[in-house]
Amino acid sequence: QVQLVESGGGLVQAGGSLRLSCAASGTIFSINAMAWYRQAPGKQRELVAVISSYGMTNYVDSVKERYTISRDKNTVYLQMNSLKPEDTAVYYCNAVGRGWNVWGQGTQVTVSS
């Protein structure tokens, strides 16, 4: 069984930066990909960034050139720069492998104008 523990959320002013971390632990045979999602109040959860086991990355258009997803062993990071109020949301870590799909508990990111 895999568990994900997130950290790094908080309150920042527009233009500031945050770095989110997500550590995977437990019985892990393989992780095919890890990703960050976000969900604002009243809105559907959206995929923000994903990184494969080979290090290939993709981003939603609204965060390209501002966010960077990276991986070290079983930990995934999301570096968020030039933050905007519209980035405010609960950010969730997600990991997928063969036959499993696990979510973190979520961490709040609030960007003030």
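Residues numbered from 1 in each chain as written. Predicted model: local features only at pLDDT ≥ 70, side-chain atom pairs only at ≥ 80, totals over all residues. Heavy atoms only, no water.

Caption draft 1: Here's a closer look at the overall build of the protein. What the protein contains, in helices and strands, is zero helices and 11 strands. Ordering the α and β elements of the protein from the N terminus gives β-β-β-β-β-β-β-β-β-β-β. For the protein, whose C-alpha radius of gyration is 13 Å, the value lies close to the compact-globule estimate of 13 Å for 113 residues. With the principal axes as the frame, the protein shows a C-alpha extent of 45 × 25 × 20 Å. By residue count, 37% of the 113 residues in the protein fall in the buried class. Carbon and sulfur atoms make up 49% of the accessible area of the protein, which totals about 6200 Å². Taking the 10 positively charged and 7 negatively charged side chains of the protein as two groups, their mean positions are separated by 5 Å. (Helix = DSSP H or I, 4+ residues; strand = E, 2+ residues; numbered from the N terminus. Rg over C-alpha atoms; globule rule 2.2 N^0.38 Å. Buried < 20%, exposed > 50% of the residue type's maximum accessible area, 1.4 Å probe, protein only. Areas by Shrake-Rupley, 256 points an atom, 1.4 Å probe, with all protein chains shown as cover. Lys, Arg positive; Asp, Glu negative; His and termini not counted. Charge placed at Lys NZ, Arg CZ, Asp CG, Glu CD.)

Caption draft 2: Inspection of the nonpolar core at higher detail. By size, the foremost hydrophobic cluster in this structure holds 27 residues, and its most contacted members are Leu 4, Met 34, Trp 36, Leu 78, Met 80 and Tyr 91. Contributing elements (two or more residues each) for this core: β1 (2-7), β3 (18-26), β4 (33-39), β5 (46-52), β7 (67-72), β8 (75-80), β9 (89-97) and β11 (107-112). Setting aside its immediate chain neighbours within four residues, Met 80 contacts Gly 16, Ser 17, Leu 18, Leu 20, Arg 66, Tyr 67, Tyr 91 and Val 109. (Core = buried A, V, L, I, M, F, W, Y, C linked by side-chain atoms within 4.5 Å. Contact = heavy atoms within 4.5 Å.)

Caption draft 3: Structural context of the state of the cysteines. Scanning the entire structure with this criterion turns up one disulfide. The disulfide partner of Cys 22 is Cys 93, and the S-S distance across this bridge is 2.1 Å. Taking the sign of the S-S torsion, -85° for the link of Cys 22 and Cys 93, the bridge is left-handed. You can see Cys 22 sitting in strand β3 and its partner Cys 93 sitting in strand β9, a full 71 residues away along the chain. (Disulfide = S-S within 2.5 Å.)

Caption draft 4: Region of the structure containing the environment of Tyr 37. Looking at the secondary structure, you find Tyr 37 in strand β4. Residues Tyr 37 and Gly 106, 69 residues apart in the sequence, show an inter-C-alpha distance of 9.2 Å. In this structure Tyr 37 touches Arg 45, Glu 46, Leu 47, Val 48, Val 90, Tyr 91, Tyr 92, Asn 94 and Trp 103, once residues within four positions along its chain are discounted.

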